[in-house]
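Geometric and topological summary
These are the residues of each chain, in order.
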Amino acid sequence: MEHLIQQVDSLQLLNHFLLSLFLLIPMVLIARTVVAGTRYSPILIIVIFGLAMGFVLVASDLAEPGLQQFPVIELISKTTNIALIVTFFVGGQEIRKIFGNKTGATKDLLIHNEEEAVLGTTRTQLVLIVRSFFLLIGIEAMSRILLGLDTGSLGSYYPIMAYLGLVGSIILIDNRAKILEKPLYIRKGVLEIIVIIGVLIMSFHLAEWVHTLVTLPSIFFAMVIATVLGVLYYGYVFGPTIKALLFAGIPVVLAGNFMVGGSRIIEVFEMEGTGAVLGYGFFGQIFWMFGGMALLIYFGKTASVRNLAPGMAGALSHTGLTGACTAGDLGKRAANRAPMLVNIPFAMHIFVFSILAVSSERGSLLLIPSMIMIAIGFVLLIIGLRNIKKSNSDDRSEMKSLLQFGFGWQIIAIFGGLYLLSFSSMSIDFAAMAKASAISHFGLFAGIQEGMFGAEAAGLITFTFSMTFLVHPFVFFMFGKAMENNEEMPKSPVFILSAIGLVGIVASALLL
């Protein structure tokens, strides 16, 4: 009888694996189909479909909030670090190339097949999307095995999941794409998997090691290690693992997160205090995004997507905009700049996480260190805006100016927002959750998801983070209009939206 139960459980795992594949991948493909032929990002559609799917699963009694009945989707939603490690590595390469005067393009081992398999998606892109799914599951399962984290309903099935995920990702290569040096290309894919798993393990142990001094989440150490590797191996030519995760890693992770978040809509709206988090998060999304763009347009005298898109992705560590840039939805120059512009502002997260860790332990924000950080942010912001105004469209000058702006605006966004919320009745864990949601900040999101602010915030963050993504129709619509307007952002709507956002966050904080 026991043997029969084990067989049934194993069959259930296979069902969950396939069901998750058929829920998430079509969601990404449908999103790409909807925006095919336009300059809009498919992440906008992933937001809507993901939240709706999660809500429908719970409303139809097929699942409970959190999607525990769909454990593979829940696992995918917790693989944020894997997608970010690749972004940080590529960012490290760009840092070395820009500041080390390393010019010249590296050869590409993969030449895409441009035949459309689905409307808006080529055969090679389809393979990259499916491979990302297998990679995220395989790498996450293997890292949990090696770290001894075998808790949860999937704990005993991590070995088979690791096998299915990793083997599937290795053999999933578009046979109609042109691959130079096939054995080398495949070996690179395996090496990249091993390195990513190694970074996850090292970052986990480093976070545990410094836990007694300061509660830094593992994402911070993953960022440092991956960026250093990128700086050292700036000439490395990507294999299939990095190519897949850079193109589709963030969209697939977001699809999983939005489904889990959508499943908690009914439950969370009944909880006290979450309305305030959502209110601040909603208007914060508008203000910090469009307010930053308004500064670049008015004072920096630039409305080009090549500056605004990667600049704001880095200035807010913004998940959705980063994913849109790295996937190439906002042009080639934005795609090349985004990893670097996201990486360097992330370096100041040692101050963010240090101050927030101490604040979490004492139950309130450390005001004086926060004010010092805000002052530093203003200085960097002014320097960045002055320099980009004088850049004269020089690529190197624009990049350095955007880095200064990104550093400054992110410090102001995080600590300015938390300082404003400190005058309300909101607790520090809910304030951190509101701040992560208000700027779609993937570092703070990953830290809260890891339990930095307790179990309740870790359980709620997927929902609050997902719900504020509903503002993204404004964001991606505006960038879509800009792409259709010779990559120039319309100015008046940006100023109007930033004013609405400012009024909204002030009103939200006063009414808390």
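These figures come from a predicted structure and were not determined experimentally.

Definitions and cut-offs
Residues numbered from 1 in each chain as written. Predicted model: local features only at pLDDT ≥ 70, side-chain atom pairs only at ≥ 80, totals over all residues. Heavy atoms only, no water. Helix = DSSP H or I, 4+ residues; strand = E, 2+ residues; numbered from the N terminus. Polar contact = N/O pair within 3.5 Å; in protein donor to acceptor, adjacent residues only side chain to side chain. Contact = heavy atoms within 4.5 Å. Expected span 1.5 Å × (residues − 1). Buried < 20%, exposed > 50% of the residue type's maximum accessible area, 1.4 Å probe, protein only. Axes fitted to C-alpha atoms, helices over the stretch in contact; angles between N-to-C directions. Parallel < 35°, antiparallel > 145°, perpendicular 65-115°, else oblique. Left-handed = near helix turned anticlockwise from the far one by under 90°. Nonpolar A, V, L, I, M, F, W, Y, C, P; charged D, E, K, R; others polar. Patch = residues over 30% accessible without salt bridge, like charges linked within 9 Å, V, L, I, M, F, W, Y side chains within 5 Å. Areas by Shrake-Rupley, 256 points an atom, 1.4 Å probe, with all protein chains shown as cover. Salt bridge = Lys/Arg side-chain N within 4 Å of Asp/Glu carboxyl O. Phe/Tyr/Trp six-rings, centres within 6.5 Å; stacked < 30°, edge-to-face > 60°.

Next up on the list: the side chain of Ser203. Along the chain, Ser203 falls in helix H7 (residues 182-209). At a separation of 2.9 Å, a polar atom in the side chain of Ser203 contacts the main-chain carbonyl oxygen of Leu200. If we skip the residues at most four places from it in the chain, Ser203 touches Ser218, Phe221, Ala222 and Ile225.

Take helix H8 (residues 218-232) next. Residues lying three or four places apart along an α-helix face the same way, a consequence of the helix completing one turn every 3.6 residues. An ideal rise of 1.5 Å per residue puts 21 Å on 15 residues; H8 measures up with 21 Å between its terminal C-alpha atoms. Along H8, the positions that sit buried rather than exposed are Ser218, Ile219, Phe220, Phe221, Ala222, Met223, Ile225, Ala226, Thr227 and Gly230.

Running from N to C, helix H4 (residues 80-99) and helix H17 (residues 395-421) cross one another at 125°; their axes reach a closest spacing of 11 Å. Classed by the angle they form, the pair H4 and H17 counts as oblique. The handedness of the crossing between H4 and H17 is left-handed. Touching Lys97, Ile98 and Phe99 of H4 are Asp395, Arg396, Met399, Lys400 and Leu403, all from H17. Here the contact of H4 with H17 is composed, by residue class, of four nonpolar, no polar and four charged.

Attention shifts here to a nonpolar patch on the surface. On the surface, Ile160, Tyr163, Val167, Ile170, Ile171, Ile186, Val190 and Ile194 cluster together to form a nonpolar patch covering roughly 690 Å² of accessible area. Residue assignment for the nonpolar patch shows that the elements contributing at least two residues are helix H6 (158-171) and H7. With five residues, H6 is the single largest residue contributor to the nonpolar patch. Within the secondary structure, Tyr163 is located in helix H6.

Here we come to the pattern of salt bridges. Scanning the entire structure with this criterion turns up four salt bridges. Residue Arg337 is joined to Glu398 by a salt bridge in which the shortest nitrogen-to-oxygen separation is 2.8 Å. Note that Arg337 is positioned in helix H14 (residues 332-346) and Glu398 in helix H17, a separation of 61 residues in sequence. A relative accessible area of 4% means that Arg337 is categorised as buried. In this structure Glu398 comes out as buried when scored by relative accessible area, which is 2%.

Counted by the stated rule, this structure contains twelve aromatic pairs. Here the aromatic rings of Phe220 and Phe221 are separated by 5.4 Å at their centres, their planes lie at 80°, and the arrangement is edge-to-face. Residues Phe220 and Phe221 agree in their burial class; the two are buried. Centre to centre, the rings of Tyr298 and Phe299 are 4.9 Å apart; their planes meet at 85°, and the pair counts as edge-to-face. A relative accessible area of 45% means that Phe299 is categorised as partly exposed. By the ring-pair criterion, three or more aromatic residues cluster together here, those being Phe17, Phe133 and Phe134.

Between its terminal C-alpha atoms H7 stretches 41 Å, which fits the 40 Å expected from 28 residues at 1.5 Å a residue. When H7 is considered as a whole, its buried residues turn out to be Tyr185, Lys188, Gly189, Glu192, Ile193, Ile196, Ile197, Val199, Leu200, Ile201, Ser203 and Ala207.

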